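Letter by letter, the chains look like this.
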Amino acid sequence: MARTATIERNTKETEIKASLNLDGGGKSEISTGIGFFDHMLEGFSRHGFFDLTMKVNGDLDVDGHHSVEDAGIVLGTAIREALGDKTGIRRYGSFLLPMDDALCLCAIDLCGRPYFSFDCEFPSARVGDLDTELVREFFYAVSYSAGMNLHLKMISGINTHHMIEAMFKAFGKALDEAVAKDPRVQGILSTKGTLA
């Protein structure tokens, strides 16, 4: 079965439509109105080998908060729905990703229980049109909407652009590992018999 999901979410603050294919080739079409955020989602898609389309119409006249946070809600929901009952997946994934001065660790458990840990302080308040404090809000929203344990730790870094990009790419690589099918896994990889 195709592991895909299409999600629409409309509020007074944002209108979002996204499609995700967990078994894609890394193709993306992203338009959020925030150029650097588009670039980060493209990196996540490319390095995780996920096909992702996302169109966000948000209240950027206010600021980028609603657009970025709601994009995280939609992406997390798409991940959860595309996974289905999680039969045969590895469940866990981790990746240590270097990008020049930045070194980021991402670890994931697709256990069905949301938990989020974010250990990073960015030197700059903005990169392009993105408020860097919104990076945490995005990943928090992904974690809770997907029902995943998500740990992100910046081990070292000087350049904020590099640090954020390393984070999105590490997330893509770790998620790719966690959602991968493993022929040794019979049914659900849990002593409880469920990952819900």
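Above this text you will find the structure in question.
Residues numbered from 1 in each chain as written. Predicted model: local features only at pLDDT ≥ 70, side-chain atom pairs only at ≥ 80, totals over all residues. Heavy atoms only, no water.

**Some thoughts on unusual backbone geometry**
To keep it simple, the criterion reads: We count a stretch as a helix when DSSP gives it H or I for four or more residues in a row; a strand needs E for two or more, and each element gets its number in order from the N terminus. Accessible area is worked out with a 1.4 Å probe on protein chains only. A residue is then buried under 20% of its type maximum, exposed over 50%, and partly exposed in between.
For Phe49, which is not a glycine, the phi torsion comes out positive at approximately 60°. Tracing the sequence through the fold places Phe49 in the loop between α1 (35-48) and β4 (51-58). When its relative accessible area of 41% is taken as the criterion, Phe49 is described as partly exposed. The phi angle at Asp100 is positive, at roughly 55°, despite the residue not being glycine. Note on placement: Asp100 falls in the loop between β5 (92-99) and β6 (102-109).

**Things to note about the pattern of salt bridges**
As a working rule, side chains carrying opposite charge can pair if their charged atoms are close by. Worth spelling out the cut-off: Note on definitions: salt bridges are taken to be side-chain nitrogens of Lys or Arg within 4 Å of carboxyl oxygens of Asp or Glu.
This model, assessed by the stated rule, comprises eight salt bridges. Here Lys153 makes a salt bridge to Asp119, at a shortest N to O gap of 2.6 Å. Of this pair, Lys153 sits in strand β10 (residues 149-156) while Asp119 sits in strand β7 (residues 115-119); the two residues are 34 residues apart in sequence, bridging distant segments of the chain. Exposure remark for Asp119: the relative accessible area of 39% places this residue in the partly exposed category. Three or more residues joined by partner-sharing salt bridges are found here, namely Arg90, Asp182 and Arg184.

**Some remarks on the layout of surface pockets**
Quick note on the threshold: Cavity and pocket criteria rest on a 1 Å grid covering protein atoms alone: a 1.4 Å probe that fits but cannot get out defines a cavity, protein on both sides within 12 Å along at least 5 of 7 lines defines an open pocket, and an atom within 4 Å of a point defines a lining residue. Grid points are joined across faces, edges and corners, and a volume is the space filled by probe spheres set on the points. We call Asp, Glu, Lys and Arg charged. Ala, Val, Leu, Ile, Met, Phe, Trp, Tyr, Cys and Pro are nonpolar, and the rest, Gly among them, are polar.
A volume near 150 Å³ is recorded for the largest pocket. What lines the largest pocket is Met1, Ala2, Arg3, Thr4, Glu81, Ala82, Leu83, Asp85, Lys86, Thr87, Ile89 and Lys181. Sort the elements by how many residues they give to the lining of the largest pocket and helix α2 (residues 65-83) lands first, with three residues. Broken down by class, the residue content of the lining of the largest pocket amounts to five nonpolar, two polar and five charged.

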